[in-house]
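# Commentary on secondary and tertiary structure
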Amino acid sequence: NIVHPTIYVSNDGDNLINNGSENSPLRTIVYALQQAEPGDTIIVKPGIYYEYNIGSYAAGNEGGEENAWITVRSEVPYGAIIDALGTTDSEIIRCYEKDYMIFDGFEVRNSGLNVIHADNNSHDIIFRNILEHDAGPNGDVMKFNQYFKKTVENCCLLYTSDAADELPCLAL
């Protein structure tokens, strides 16, 4: 049984036998989000996590609720790195028809397409303290469409893999 309302994730964790407590963390952010319920906080311990399309799996079909957001945060700011290894058509944080979610304190890199993408009527999603870089050759570092009520706080968009797009950090 997964513990709520705080779920821990660690590279040393295990999705099959652990319950998500601090001493028995899960292995992947995606699995933690699949188990999350509205109001939960997922704390990701430092390390590199080779995952993508995080957010698409949040709490079943909806994500959080108006008074019970789902928060996914790095235990140490920028200590948890999410790397998609350039997997074809991958998007690292993808919110598709998801609501009331917060992503906080991550470095996200090496997507095959977009680093962060929120679309299809997703709303009330906050991206906070995110260092984003190395979008796929046809992707964007941050992309929003058919989306409303987004908040971007203290995010740093560095560059895409296309050398023409390399810029100093653009803080939002």
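A brief look at the structure comes next. Here the structure is a predicted model, which means the values were calculated and not measured.

### Considerations on the pairing of strand β4 (residues 70–74)
- Summarising burial for β4: four of the five residues are buried, a large majority.
- Note that strand β2 (residues 41–44) and β4 share four bridges and pair parallel. In the sheet register, Val-44 faces β4, and the bridge partner there is Ser-74.
- When β4 meets strand β7 (residues 99–104), the two strands line up parallel, connected through four bridges. Looking at the pairing, Val-72 lines up with Phe-103 of β7.

### Examining the packing of aromatic side chains
- Under the definition given, this model contains two aromatic pairs.
- With a centroid separation of 5.4 Å and an interplanar angle of 75 degrees, the aromatic rings of Trp-69 and Tyr-100 are classed as edge-to-face. With Trp-69 in the loop between β3 (47–49) and β4 and Tyr-100 in strand β7, this pair connects stretches of sequence that are 31 residues apart.
- On the accessibility criterion, Trp-69 (24% relative accessible area) is partly exposed.
- Residue class for Tyr-100 comes out buried when judged on its relative accessible area of 14%.
- On the basis of an interplanar angle of 10 degrees and a centroid distance of 5.8 Å, the ring pair of Phe-103 and Phe-127 is categorised as stacked. Highlighted residues: Phe-103 in strand β7 and Phe-127 in strand β10 (residues 122–128), separated in sequence by 24 residues. In this pair, the class of Phe-103 matches that of Phe-127, namely buried.

Rules and cut-offs
- Residues numbered from 1 in each chain as written.
- Predicted model: local features only at pLDDT ≥ 70, side-chain atom pairs only at ≥ 80, totals over all residues.
- Heavy atoms only, no water.
- Buried < 20%, exposed > 50% of the residue type's maximum accessible area, 1.4 Å probe, protein only.
- Helix = DSSP H or I, 4+ residues; strand = E, 2+ residues; numbered from the N terminus.
- Pairing = 2+ DSSP bridges.
- Phe/Tyr/Trp six-rings, centres within 6.5 Å; stacked < 30°, edge-to-face > 60°.

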